[in-house]
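What follows is the residue order along each chain.
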Amino acid sequence: MTVDQRICQLVNYGVEKKLIREEDKVYTTNRILEVMELDDYDPEPVILSPLEDILNDLVDDAVRRGVVKDDSIVGRDLFDTKLMGCLVPRPSQVIDVFWKKYRQDPQEATDFYYRFSQDTDYIRTYRVKKDLKWVTKTQYGDLDVTINLSKPEKDPKAIAAALKAKASSYPKCLLCRENEGYAGRLNHPARQNHRVIPLKMNGQPWYLQYSPYVYYNEHCIVFNGAHVPMKIDRSTFIKLFDFIKMFPHYFIGSNADLPIVGGSILTHDHFQGGHYEFAMAKAPVETKVVFKGFEDVDTGIVKWPMSVIRISGTDSSRLIELADKILKCWRGYTDESAMILSETDGEMHNTITPIARMRDGRFELDLVLRNNITTPEYPDGLYHPHQEYHHIKKENIGLIEVMGLAVLPARLKEEMAVLKDCLLNGKDVRQNDMVAKHGDWADMIKEKYADINEENADRILQDEIGYVYAGILEQCGVFKRDEAGRQAFSRFIEAVSRQ
């Protein structure tokens, strides 16, 4: 396939996906030729190829001719995003289409926008498909597990180049409004193919976009128009319900606003949502409770490894008032017998991970109680994955994982393949540097399963990873699921009512 043919295919792809119109083909071709630094063009008609193949061949040609001087994943991504930017309509055009469809049906609008984000290669579907995904059945329901392979790891050359790159404060972070159309650099992804949708939440400008590394269906990000830090307060609940009223087919939630129990970006206020039902949303209320003065609000403790209060009703303002009351009480709550300390040495420890949704015409809000205290025994966090599970995961447990989807590091794919070989062939796990850290876990698996064979080994390893994840969630629960924990949870409920 010649370069001219690939350019022709890319333009035809834009027409087929309705990114451009037939009348735009010559103009778009010339823009692509400019990016490719080509003067001549004489294609022959060809059948459309997969987008990944088209872009790979065009980048390969640009590398051979020196147009692209960095042949790393980062360098190639910067260039192929620039190519895709030639096909993408202006922001105002995308916004107009979105709201026109919204007036017909909110779901029709998000369907359009999600498909658009895939067609523009902002969501690289061919990479997302590489993620490993499975479900593990547990006492808490079916937990989702994914090993993330779609987010490319920077190679050593790219890391070294990024260190030498000129520092920039524009855009301030990956979530800022200014990313739309940004050319990118070695330490910041290109976003010429990125478009965002403006919203109003609590009377302030917010924006809707999708995550380029979709962990679940229509994984969206809703971010503040201003670069301000994460903060959970009464206004958070107002904004969550404002969003649900606009998009009742979506859920939306917020990471906690403290380190250890928060998400990976605490410097820019944002939420995550989507069109997906997590295990936590399916989990039932196992203990009904009543808060004094809020007898009209249905309230209960959810059957979940973490400590979750679920409130629901038809009046969102009542839920906001109760949520604010619970949050304020929790911020200053201490129960030393349950190892709940609201602050030490002036550092605050208590916060909440909130998740909102519509269910059967009623507003529903889950409040997950979080605490980020560290101790000499657990320096990474008492309510954080403990050391015995770090061989599987040691990163923060944020919003997505709180709800029942484990996002695990890419290293596990190769490690599980090596571990499988050790289990099937009687090899000593501890003699292999790659998987030695799994030694105790592997011993447990061998003792637990009398027959590990080629047919069941993968399923066993997947299930055992899922059980580790369930165990991690239990460790992150501030009130443990035993009698002492239930009594401690009840004391907090009573404390809220006394306020």
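Residues numbered from 1 in each chain as written. Predicted model: local features only at pLDDT ≥ 70, side-chain atom pairs only at ≥ 80, totals over all residues. Heavy atoms only, no water.

S.K.: How should the environment of Arg185 be read in this particular structure?
M.R.: Topologically, Arg185 is positioned in the loop between α8 (156–164) and β3 (197–201). Accessibility expressed as a relative area gives 16% for Arg185, which makes it buried. It is 8.5 Å that separates the C-alpha atoms of Arg185 and Gly75, two residues lying 110 residues apart in sequence. Apart from the residues within four sequence positions on either side, Arg185 is in contact with Leu78, Ser168, Tyr170 and Pro171. At 2.8 Å, the side chain of Arg185 and the side chain of Tyr182 are in polar contact. Among the polar contacts listed, one links the side chain of Arg185 to the side chain of Asn187, at a separation of 2.8 Å. (Helix = DSSP H or I, 4+ residues; strand = E, 2+ residues; numbered from the N terminus. Buried < 20%, exposed > 50% of the residue type's maximum accessible area, 1.4 Å probe, protein only. Contact = heavy atoms within 4.5 Å. Polar contact = N/O pair within 3.5 Å; in protein donor to acceptor, adjacent residues only side chain to side chain.)

S.K.: Where do I start with unusual backbone geometry in this structure?
M.R.: Excluding glycine, residues mostly have negative phi values, and the peptide bonds linking residues are mostly trans. The step from Tyr170 to Pro171 runs through a cis peptide bond, and the omega angle for that step is -15°. One non-glycine residue, Glu37, adopts positive backbone phi at about 60°. Mapped onto the elements of the fold, Glu37 is located in the loop between α2 (25–36) and α3 (51–64). Even without a glycine there, the phi angle at Asn202 is positive, about 55°. Summarising the element assignment, Asn202 is placed in the loop between β3 and β4 (204–210). Asn202 sits in the partly exposed class, given a relative accessible area of 33%.

S.K.: Mind showing me how you'd approach the state of the cysteines here?
M.R.: Here is the idea: a disulfide is a covalent bond, and it sits between the sulfur atoms of two cysteines. Under the defined criterion, the tally for this structure stands at zero disulfides. With no disulfide partner, Cys176 has as its closest neighbouring cysteine sulfur the one in Cys173, 3.8 Å distant. Residue Cys220 stays outside any disulfide, its sulfur separated by 17 Å from that of Cys173, the closest cysteine. (Disulfide = S-S within 2.5 Å.)

S.K.: Would you mind going over the nonpolar core with me for this structure?
M.R.: Within the largest apolar cluster, 101 residues are counted, with the highest numbers of intra-cluster contacts made by Leu10, Leu208, Val222, Phe243, Phe479 and Phe492. With sequence-adjacent residues up to four places away left out, Phe479 is seen in contact with Ser307, Trp330, Tyr333, Ile340, Leu369, Gly485, Ala488, Phe489 and Phe492. Counting 50 residues, the second-largest nonpolar core is a separate cluster that includes Ile147, Ala283, Ile392 and Leu399. (Core = buried A, V, L, I, M, F, W, Y, C linked by side-chain atoms within 4.5 Å.)

S.K.: Explanation requested: the sheet that holds strand β8 (residues 285–289) in the structure shown.
M.R.: Two strands in a sheet stick together by hydrogen bonds in their backbones, pointing the same way (parallel) or opposite ways (antiparallel). Across the sheet, ten strands lie side by side as β3-β4-β5-β7-β6-β13-β14-β10-β9-β8; this open sheet has antiparallel pairing. The outermost strands of the open sheet, each flanked by one partner alone, are β3 and β8. Each strand axis lies, on average, 25° off the axis of its neighbour in the sheet, ignoring direction. As paired strands, β3 and β4 are joined by five bridges and run antiparallel to one another. From the neighbouring strand, Leu199 faces β4, where its bridge partner is Trp206. Sheet contacts for helix α11 (residues 316–331): β9 (298–302), β10 (308–313), β13 (350–359) and β14 (362–371); angle to β14, the most-contacted strand, approximately 5°. (Pairing = 2+ DSSP bridges. Axes fitted to C-alpha atoms, helices over the stretch in contact; angles between N-to-C directions.)

S.K.: Explain the layout of surface pockets here, please?
M.R.: One water molecule sets the probe size; rolling that probe over the atoms shows where empty space is left. When its volume is computed, the second largest pocket comes out at roughly 730 Å³. Taken together, 29 residues form the lining of the second largest pocket, with Leu19, Val88, Pro89, Arg90 and Gln93 sitting closest to its centre. Taken together, the residues of the lining of the second largest pocket break down into twelve nonpolar, five polar and twelve charged. (1 Å grid on protein atoms, 1.4 Å probe; cavity = no way out; pocket = protein on both sides within 12 Å on 5 of 7 lines; lining within 4 Å. Points joined across faces, edges and corners; volume = space filled by probe spheres on them. Nonpolar A, V, L, I, M, F, W, Y, C, P; charged D, E, K, R; others polar.)

S.K.: Help me understand the sheet that holds strand β2 (residues 141–147) in this model?
M.R.: Strand order in this open sheet of three strands is β1-β2-β15, and the pairing throughout is mixed. Across the chains shown, the open sheet's two edge strands, defined by having one partner strand only, are β1 (132–138) and β15 (405–408). Pairs of neighbouring strands in the sheet enclose a mean axial angle of 20°, with direction left out of account. Sitting on the sheet, helix α15 (residues 457–476) touches β1, β2 and β15, and the angle it makes with β1 is about 65°.

S.K.: Would you explain the packing of aromatic side chains in this entry?
M.R.: Geometry of an aromatic ring pair is reported as the spacing of the ring centres plus the angle between the planes. This model, assessed by the stated rule, comprises 27 aromatic pairs. Taking the centre distance of 5.0 Å and the plane angle of 85° together, the rings of Phe98 and Trp99 count as edge-to-face. Centre to centre, the rings of Tyr216 and Phe278 are 4.9 Å apart; their planes meet at 75°, and the pair counts as edge-to-face. With Tyr216 in the loop between β4 and β5 (220–224) and Phe278 in the loop between β7 (270–274) and α10 (279–282), the pair connects residues that are 62 residues apart, well separated along the chain. Neither Tyr216 nor Phe278 differs from the other in exposure class; each is buried. (Phe/Tyr/Trp six-rings, centres within 6.5 Å; stacked < 30°, edge-to-face > 60°.)

S.K.: In this structure, what is going on with the pattern of salt bridges? I would like to understand it.
M.R.: Should their charged atoms come close, side chains of opposite charge can pair. Enumeration over the complete set of coordinates arrives at 42 salt bridges. A salt bridge links Glu180 to Arg177, with the shortest nitrogen-to-oxygen separation between them at 2.4 Å. By relative accessible area, Glu180 is classed as buried at 16%. If you follow the salt bridges from partner to partner, you end up with Glu277, Arg310, Arg357, Arg359, Glu364 and Asp366 in one network. (Salt bridge = Lys/Arg side-chain N within 4 Å of Asp/Glu carboxyl O.)

S.K.: Honestly, the pairing of β2 in this entry has me stumped. Any pointers?
M.R.: Regular strands have side chains that alternate between both faces of the sheet. Burial within β2 is extensive, with five of its seven residues counted as buried. Linking β1 back to β2 in an antiparallel pair, the connection comprises two residues. With four bridges joining them, β2 and β15 adopt parallel strand pairing. Bridging from a neighbouring strand, Asp144 pairs with Leu405 of β15.

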